[in-house]
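# Remarks on the overall topology
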Amino acid sequence: MIEVQHLTKRYGPTTAVDDISFRVEPGEILGFLGPNGAGKTTTMRVITGYMPPTEGTALVAGYDVATHPIEAKRRTGYLPETPPLYPDMTVGDYLAFVAAIKGVPRRERKSRVQEVMKRTAVADMSNRHCSKLSKGYKQRVGLAQAIIHNPDVLILDEPTSGLDVKQRSETRQLIKDLGGDHTVILSSHILSEVSQTCQRVVIINRGRVVAVDTPDNLTSRLRGEETLFLQVDTRGADARPVLEAITGVRHISPSDVKGDLVSYEIGSDPGRDIRRELASTVVNHGWGLLEMRPLRMSLEQIFLELTEKEGVPETPDGEPQSAGTGGEEETVHG
Amino acid sequence: MGNILAIANKEIKGYFASPVAYIVIGFAAILFGWFFVNLLYYFEQASMQAGSGFQGPQAVNVNEMLISPLFLNVAVILLFTLPLVTMRTYSEEKRSGTIELLLTSPLTDVQIVIGKFLGGLVLYAAMLSVTVVHLAFLFIFGNPEWRPVLTGYLGLLLMGGCFLSLGLFVSSLTKNQIVAGMVTFAVFLLFWVINWFASFAGPTTQAVLNYLSITEHLNDFARGVIDTKHLVYYVSFIGFSLFLTVRAVDSERWRG
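Nothing here was measured: the structure is a model prediction, and the numbers come from that model.

What chain B contains, in helices and strands, is 11 helices and zero strands. Along chain B, helices (α) and strands (β) appear in the sequence α-α-α-α-α-α-α-α-α-α-α when read from the amino end. For chain B, the spread of C-alpha atoms along the principal axes amounts to about 75 × 45 × 30 Å. Here chain B holds 256 residues, and 51% of them are scored as buried.

When you go through chain A residue by residue, the secondary structure sums to 11 helices and 15 strands. Within chain A, contacts between residues separated by at least 24 positions form 70% of all contacts whose residues are at least 6 apart in sequence. As displayed, chain A offers around 15,000 Å² of accessible surface, 48% of which is attributable to carbon and sulfur atoms.

Before going further, it helps to examine the sheet that holds strand 5 (residues 63–64) of chain A. Strands in a sheet are paired, the pairing made by backbone hydrogen bonds, and the direction either parallel or antiparallel. All names here are of chain A. As summarised here, the arrangement of the four strands in space is 2-1-4-5, forming an open sheet in which the pairing is antiparallel. Edge positions in the open sheet fall to strand 2 (14–24) and strand 5, since each of these has one partner strand only. Both strand 4 (residues 55–60) and strand 5 contribute to a ladder of two bridges, which runs antiparallel. If you follow Leu 59 over to strand 5, its bridge partner there is Asp 64.

Contact residues are listed per partner, giving 27 residues for chain A and 26 residues for chain B. Counting across the chain A and chain B interface gives two salt bridges. Notably, a salt bridge pairs Arg 88 of chain B with Asp 88 of chain A, separated by 3.9 Å at the nearest N-O pair. Looking at the side of chain A that touches chain B, the elements that each hand over two or more residues are strand 1 (2–11), helix 2 (69–74) and helix 3 (91–101) of chain A. For the side of chain A that touches chain B, the element with the highest residue contribution is helix 3 of chain A, accounting for six residues. Residue classes in the side of chain A that touches chain B are distributed as 17 nonpolar, three polar and seven charged.

Let us now look at the pattern of salt bridges. For the structure shown, the criterion picks out 22 salt bridges over all chains. For Glu 158 of chain A, the salt bridge identified is with Lys 40 of chain A, shortest N-O distance 3.6 Å. Of this pair, Glu 158 of chain A sits in the loop between strand 7 (153–157) and helix 6 (165–178) while Lys 40 of chain A sits in helix 1 (residues 40–47), and the two are 118 residues apart along the sequence. The two residues Glu 158 of chain A and Lys 40 of chain A agree in class, both being buried. The salt bridge partner of Glu 252 of chain B is Lys 94 of chain B, with a shortest N-O separation of 3.6 Å. You can see Glu 252 of chain B sitting in helix 11 (residues 228–255) and its partner Lys 94 of chain B sitting in helix 4 (residues 91–96), a full 158 residues away along the chain. On the accessibility criterion, Glu 252 of chain B (26% relative accessible area) is partly exposed. With a relative accessible area of 13%, Lys 94 of chain B lands in the buried category. Through salt bridges with shared partners, a single ionic network connects Lys 10, Glu 11, Glu 93 and Lys 116 of chain B.

This part covers the pairing of strand 2 of chain A. Residue and element names in this part refer to chain A. In terms of strand pairing, strand 1 meets strand 2 through seven bridges, oriented antiparallel. In the strand pairing of strand 2, Glu 3 is matched with Arg 23. The turn joining strand 1 and strand 2, which pair antiparallel and follow one another in sequence, is formed by two residues; a positive phi near 60 degrees is taken by Gly 12.

This next bit is on the nonpolar core. Grouped together as the largest cluster of nonpolar side chains are 139 residues, with contacts concentrated most on Phe 22, Tyr 94, Leu 95 and Ile 185 of chain A. When residues of this core are assigned to their parent elements, the largest contribution, 12 residues, is made by helix 3 (residues 62–86) of chain B. Residues Val 232, Ile 252, Tyr 264 and Trp 287 of chain A belong to the second largest nonpolar core, which totals 15 residues.

Right, let's talk about the side chain of Thr 120 of chain A for a bit. Along the chain, the position of Thr 120 of chain A falls in the loop between helix 4 (106–119) and helix 5 (135–147). In this structure Thr 120 of chain A touches Arg 140, Leu 143, Ala 144, Ile 147 and Leu 174 of chain A, once residues within four positions along its chain are discounted.

Rules used in this analysis
- Residues numbered from 1 in each chain as written.
- Chains lettered and ligands numbered in written order.
- Predicted model: local features only at pLDDT ≥ 70, side-chain atom pairs only at ≥ 80, totals over all residues.
- Heavy atoms only, no water.
- Helix = DSSP H or I, 4+ residues; strand = E, 2+ residues; numbered from the N terminus.
- Buried < 20%, exposed > 50% of the residue type's maximum accessible area, 1.4 Å probe, protein only.
- Contact = heavy atoms within 4.5 Å.
- Areas by Shrake-Rupley, 256 points an atom, 1.4 Å probe, with all protein chains shown as cover.
- Pairing = 2+ DSSP bridges.
- Salt bridge = Lys/Arg side-chain N within 4 Å of Asp/Glu carboxyl O.
- Nonpolar A, V, L, I, M, F, W, Y, C, P; charged D, E, K, R; others polar.
- Core = buried A, V, L, I, M, F, W, Y, C linked by side-chain atoms within 4.5 Å.

Take it as geometry only, folks, not as evidence of what the structure does.
Take a look at the structure:
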């Protein structure tokens, strides 16, 4: 649905986006992740046809945005970082105007406006001036504006920035609902956000793609081993030698002792599930098993690791890998 | 066409939803009324003198002595009010980010520019329509010719179109409304006084300067003459300014 090939954008001497390629399948929600200034907005602006690329192409629904801008734009909905609202217009008038310029046929405009207002829950603000809306409502009207012509592709630039916790989860839910009908790219620098909403993540840094994968795979692929967090009540006994004896355990981190409670972080061979053995060992020794859970590297950590490392190797042909189905692929991070 | 009208409609609504339209129209109405009253008194005096002359009554022409100078005075009003109309057209969109909405919609740059221009033109026509009231009194109590009045309005509309298109271009160059307004005003003024130097210049320069002056071309319209020379000037002025605006918006995209 969206195909970005070798996209490069330079502003004078500075290169904002450097040879980015990725594709988004129909109905997919793709997260676009990167620190501020990484080139997220620039990439999105090229895909929406706001600015032409310096090199490379972006295809939306098969139309090159540079050579067939009208066709491509007809199929694209875009929510820029600040919702593009006219302060003097009422929400209803504003959406009707957007419907008109997005090419919604005259007879359908009224019903479309009603429909998107209902969908984004802004119907009660229909007669309110845009300048008088709260931040959350502005964002939702921005979203309503982006979907008014029922586009195939939705480009959302930081859709949840500046919202409170409740509004954020509402917006996330709305975006999830929109995926399926629409192909969505959403950018964010908040990682938990992306991992909750998106099926696939593109991490970019300094204008380059650093990694492309599902949030789950990114987390597991980057770890060389599995880690478990274990908390036991050993009644004063030292559990370490017993635990170390279990096959598959590579190392045990220094324990954290609180009275009788002892916590360990246990690293094990990749692909090996040692939870059953661990549990039965603890129980057989008559200790209390209080907590056991797998520790995953948070996206936050992965993100820092990926973006802070210079020269993270890419896949050989420069093409980012597509989402895998399992963990059998090579790690992105060598 | 639908797209152009949608943009024009939005612009007009924008003017009337903000104080801009009311300030522009109100200010213009007050000034026009003031010009009208003064010229009317002057005309009254002139016609009294003519009537009481020893050589018997002389013909005084209300078109020539009142309406035509009145139209030329309107140019002064435009100089001050039209920068207010155009200064926000593009600057405001750029500052508030709504330009992203327009440029990512299935519209061409030309449609956007023409839509904005038409929106400004409608507001300007509304401003001119206020002056019809004053002229109506002349038609009720006097007997002016109506054709020169129509050509005068046509001339004013075209001249205003020049100012609007130029203002639109200046506005497309900056994010700052005040800068846009000020520069537009300065450029208007320059086009106004450009032929002041004409009397000191050589014949060629003189002709060029006179031709460039926006107001110079209004004289014939105000007198009831539609000369293609002036039509061509106004229409090409508008066309060229709008073309520059389109180019300016396009270059902005490339520069990002």
